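Chain by chain, the residues:
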Amino acid sequence: MKKNIKNTRILFLILCVIGTSSCSDMFETESKSVVFDHTLSTANDSLYSALGILGQMQKLSERYVLMGELRGDLMSATEDAVEAIQEVANFNVSPSNTYCDVTDYYSVINNCNYAITYMDTSLVNFDTKEMLPEFAAIKTMRAWTYWQLALLRGDVQWMTEPITDLGQSNAEYPVKTIDELAEMLIEDLVPYIGIRELDYGFIGDYSSQKYFIPLDLLLGDLYLYLNRYDEAAQAYYRYIYNHNVTVTWNYVTRFTSEGNFSSSTFISSYSGEMLCGLPSHEDPTGYHPELIRLAFNFKPSVVPAASFVDSMALKPSFYRLNDGQQGLEAVCVGDQRGQGLTNGGGSTPVSYGVYAEGYDTKTLIAKYMNCAKSHSGSDPQNEYVNGLTYTNIVPLYRNSMVYLRLAEALNRSGRPSLALAVMRYGLRRDVVSGTNMKVNEWELNASYTNFTEDRFNDNRGTMGRGRGFAVDANAEEVNRWIGIPDFTRETVTVQDKDDDGNPLFEEVQATDDDGNLLWEDEAQTIPVMEQKPVMITVGVHTEESMNDSILFVEDLLVDEMAAETAFEGNRFFDLLRVARHRNEFPAYMAERVSRRFGKEGQASKKAELLNPDKWFLK
C-alpha cells in the first residue's frame, strides 16, 4: 500500500519549519522548492551531519519515555494531566491528540536520508574510509527513529530518498507494517556490524560515545521482536563482549552490619549504567524533556500505577552479610528498587517514593531526578523542586537492561536455567562452569553462552539490586521465590563425544549373535576386537516440560524488567515482545495492562484492549 503524504510538515537541518495540525499529515508547505548544497565530502561534513541529526533526536526523548510507559502497566495518568496524556494512558486517543503528530520523527528520518544519500563514503585517508563510521551511525539513527515511529503507530511510510524539493510531498510512499519494517531494518544494518563507533570526546556532561545508538543493541531488539532468538542473543552478546559490559554489585542492596541496611544506590544506576542516551540542550533555555515537571511535582501528570506499587511491596527480599557467606540473614517485604529501606525501618525513594507536603502525601516517580540538572531560578509550573530543575539526558540502554534482553533471548532459545541465572547469580565463571555450576551444562552450547572469561567476573544477578544476594541453592526459603526450578526431563542413551564434538569409540571383544565371545584361534588366546560406540545416558527436556520452564522463567523476566527498568520508556515494547513470543497479542498485554485500572475498571478495559488497533496511535 502507498500513501500520499502531501500537507505534512517535517523539520530538517536545511529546511524551514512550517506548522501542522493533523495526525496523518507529514508536510505543510507554502513554497515550491528549496536550494540545497548536496556536497558532504569532508570529515567535518560528516561530523556536523551526525551531530545535527543527534540534535534533532533530542525532541523524541520525552515521547520515547511517555509513549513507552503510558501504554504499559507501570505508569498511570492523573486528573491533572493534559488531555493528550490522559487519552494515551486510557487508550482513547482522538485524531487531534498532539502525540499523533509524527513530524519530529520524519524530520530526523529525512535528514538521515539526506546525509546517507550525499555522504561520500569512498573518501579514503591512509587506507581508511574516513566517513564510513558516520555513515553507519546515521543509518542506525534512522533505523532507531523508524522503529520508534512503528512502535507508536504500528506502521510507517517508508522513505529512503531525501525530500529536497517541497513538490515531492505529492509523491506516494509505501506503507510498511511493523513486522515488514523490522526485517528491512535488519537487512539495512547488518552490513555495518563491526564498523568503528563514533567518539568525539566529551560533549557536555557525557562522553559523545553515549549519544549514538549502538548498532548491535538495536539489531538485538529487532531480532527479538521477530522471535529470531539465536540471532538476538548473538547481537546482545557481541555488544556485551566487545564493550566489557557487566552487571556489578555497585547497585546491590545488602546488610552493612547486622540489622543495618546499606543505603540504596540503585537509583543512581539510571545514569551510572547508561550505555546510550538522548541528551538535552546544554542551555537551560533550550529544549529539555518535561519528565521532571510531569512526574516529580506535587500536581503530577504521571504517577506509578497503584497495581505496580502494590506488587513491588509484596515481593520478598533476602539478605546476607556478604557475597561469600552462606545462609539466610534476613527476610523483609518489598523490592528495594521501588522504595528502599533505611536503617531503623524507614523508607527512601528509589524509582518512586512517598512524599509529603503539609498533611498531604503522594507517591511520585523519583527516577528522573537521577538525570536532572539544576540552575538558578525557579519553575512556576513545578514549585516542588528547588530552583530550575530539568532532565539532562534520557537513557535508552543500560547494562542491566541489555542483560535482561539477552536473558529473554536465551530463555526462548531453550536455555531457561541460563536465563534465570542472569537474574539470580549473574553470568560468570563459577556460575557457568566447575563442580558447583548453577546452570544446566547442556545449555552452554553456543558462542554466546561463554561467560568464563575474566571480563565477566564482576557479573551479579539483577535481582540482588532490590531483593538481596541470592543465597545457597539449598536454602528452601529462597528457592521457593527465586531459585532455579528442577526442570523435569526424560533420559535417552546417546553416543558420547570428545571436547571437539567427535564421536567416541572403544575397542572391545566381539561377540556372535548369541553373545558368545569371538576368538582368532582355537586355543582362544587371541580375541577378535571391534570398535564400539561409547554410549552415555543423558537427560533431555520433553517439549511439554521445556515449554513450562520457558514460561516460568519468562514470567519472572517480565516482573524483573518492571522492577529494574520502571518508567524508563521500555514497558510497551517489553510486553509487546513477550505477547508475540507467546502468540498472544493483544490478549497478553490486555491482561497485564488492564490491572492498573482497578477492580472496577479492569474487566471492561481488558475487553476494550483486545482490539489490536487500541495499542497504536493513528
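So, here is what we can say about the structure in this document. All figures in this text were calculated on a predicted structure; none of them were measured in a lab.

**Considering the pairing of strand E17 (residues 352-357)**
Direction of pairing for E17 relative to strand E18 (residues 360-365): antiparallel, over a ladder of 6 bridges. Note on E18: the bridge partner recorded for Gly-353 is Leu-364. Between the antiparallel neighbours E17 and E18 lie 2 residues, among them Gly-358 with a positive phi of about 65°.

**A look at helix H6 (residues 178-189)**
Its 12 residues place the ends of H6 16 Å apart at the C-alpha level, agreeing with the 16 Å of an ideal helix rising 1.5 Å per residue. Next to the buried residues of H6 lie helix H5 (132-153), strand E5 (155-157), strand E6 (172-177), helix H7 (215-225) and helix H18 (571-581).

**Here we look at the environment of Asn-386**
Inspection of the secondary structure puts Asn-386 in the loop between strand E19 (372-375) and strand E20 (388-391). Spatially, the C-alpha atom of Asn-386 lies 9.3 Å from that of His-375, the residues being 11 residues apart in sequence.

**Thoughts on the packing of H7 against helix H8 (residues 229-242)**
Orientation of H7 relative to H8, taken along the N-to-C sense of each, is 165°, at an axis distance of 8 Å. Here H7 is positioned roughly antiparallel relative to H8, judged by the angle of their axes. Viewed along their axes, H7 and H8 form a crossing whose handedness is left-handed. Along the contact surface, H7 presents Asp-216, Leu-217, Leu-219, Gly-220, Asp-221, Tyr-223 and Leu-224, while H8 presents Tyr-229, Glu-231, Ala-232, Ala-235, Tyr-236, Arg-238 and Tyr-239. Split by residue class, the contact of H7 with H8 holds 9 nonpolar, 1 polar and 4 charged.

**Topic: the packing of aromatic side chains**
Applying the stated criterion across every chain, the model contains 19 aromatic pairs. Measuring from ring centre to ring centre gives 6.4 Å for Tyr-241 and Phe-456, while their planes differ by 50°; the resulting arrangement is tilted. Taken as a pair, Tyr-241 in helix H8 and Phe-456 in the loop between helix H14 (429-432) and helix H15 (464-467) lie far apart in primary sequence, 215 residues in all. According to the relative accessible area criterion, Phe-456 is buried, its value standing at 1%. Measuring from centroid to centroid gives 5.8 Å for Phe-308 and Phe-567, while their planes differ by 85°, and the two rings are edge-to-face. Here Phe-567 lies in the loop between helix H17 (543-565) and H18 and Phe-308 lies in helix H11 (residues 306-314), a separation of 259 residues in the sequence.

**Side note on H18**
Taking burial as the measure, the 11 residues of H18 include 11 buried ones, the bulk of the element. Within H18, the full set of buried residues consists of Arg-571, Phe-572, Phe-573, Asp-574, Leu-575, Leu-576, Arg-577, Val-578, Ala-579, Arg-580 and His-581. Asn-583 occupies a position one or two residues after H18 and carries a positive phi of about 55°.

**Overview of the packing of helix H4 (residues 103-118) against H5**
At a minimum axis distance of 9 Å, the contact between H4 and H5 shows a crossing angle of 155°. Here H4 is positioned roughly antiparallel relative to H5, judged by the angle of their axes. Crossing of H4 against H5: the hand is left-handed. In this structure, H4 contributes Tyr-105, Tyr-106, Val-108, Ile-109, Cys-112, Asn-113, Ala-115 and Ile-116 to the contact, and H5 contributes Phe-135, Ile-138, Lys-139, Met-141, Arg-142, Thr-145, Tyr-146, Gln-148, Leu-149 and Leu-152. Of the residues assigned to the contact of H4 with H5, the class counts are 13 nonpolar, 3 polar and 2 charged.

**Section: the nonpolar core**
In this structure, Trp-147, Tyr-368 and Tyr-397 are the most contacted members of the largest nonpolar core, which totals 152 residues. At 13 residues, H5 tops the list of elements feeding residues into this core. Not counting residues up to four positions away in its chain, the partners in contact with Tyr-368 are Val-65, Met-75, Tyr-270, Leu-291, Ile-292, Ala-295 and Phe-567.

**Things to note about the pattern of salt bridges**
One pass over the full model with this rule turns up 38 salt bridges. For the salt bridge of Asp-155 with Lys-618, the shortest nitrogen-to-oxygen distance reads 2.9 Å. Here Asp-155 is found in strand E5, whereas its partner Lys-618 is found in the segment after helix H20 (598-608), with 463 residues between them in sequence. The exposure class assigned to Asp-155 is buried, which follows from its relative accessible area of 16%. Since its relative accessible area comes to 46%, Lys-618 is described here as partly exposed. Between Arg-465 and Glu-564 there is a salt bridge, with the nearest N and O atoms lying 2.8 Å from each other. Of this pair, Arg-465 sits in helix H15 while Glu-564 sits in helix H17, placing them 99 residues apart in sequence. Salt bridges sharing partners connect three or more residues here, namely Glu-273, Asp-335, Arg-337, Lys-367, Arg-398, Arg-465, Glu-560, Glu-564 and Glu-568.

Conventions adopted
- Residues numbered from 1 in each chain as written.
- Predicted model: local features only at pLDDT ≥ 70, side-chain atom pairs only at ≥ 80, totals over all residues.
- Heavy atoms only, no water.
- Pairing = 2+ DSSP bridges.
- Helix = DSSP H or I, 4+ residues; strand = E, 2+ residues; numbered from the N terminus.
- Expected span 1.5 Å × (residues − 1).
- Contact = heavy atoms within 4.5 Å.
- Axes fitted to C-alpha atoms, helices over the stretch in contact; angles between N-to-C directions.
- Parallel < 35°, antiparallel > 145°, perpendicular 65-115°, else oblique.
- Left-handed = near helix turned anticlockwise from the far one by under 90°.
- Nonpolar A, V, L, I, M, F, W, Y, C, P; charged D, E, K, R; others polar.
- Phe/Tyr/Trp six-rings, centres within 6.5 Å; stacked < 30°, edge-to-face > 60°.
- Buried < 20%, exposed > 50% of the residue type's maximum accessible area, 1.4 Å probe, protein only.
- Core = buried A, V, L, I, M, F, W, Y, C linked by side-chain atoms within 4.5 Å.
- Salt bridge = Lys/Arg side-chain N within 4 Å of Asp/Glu carboxyl O.

By themselves these figures say nothing about function.
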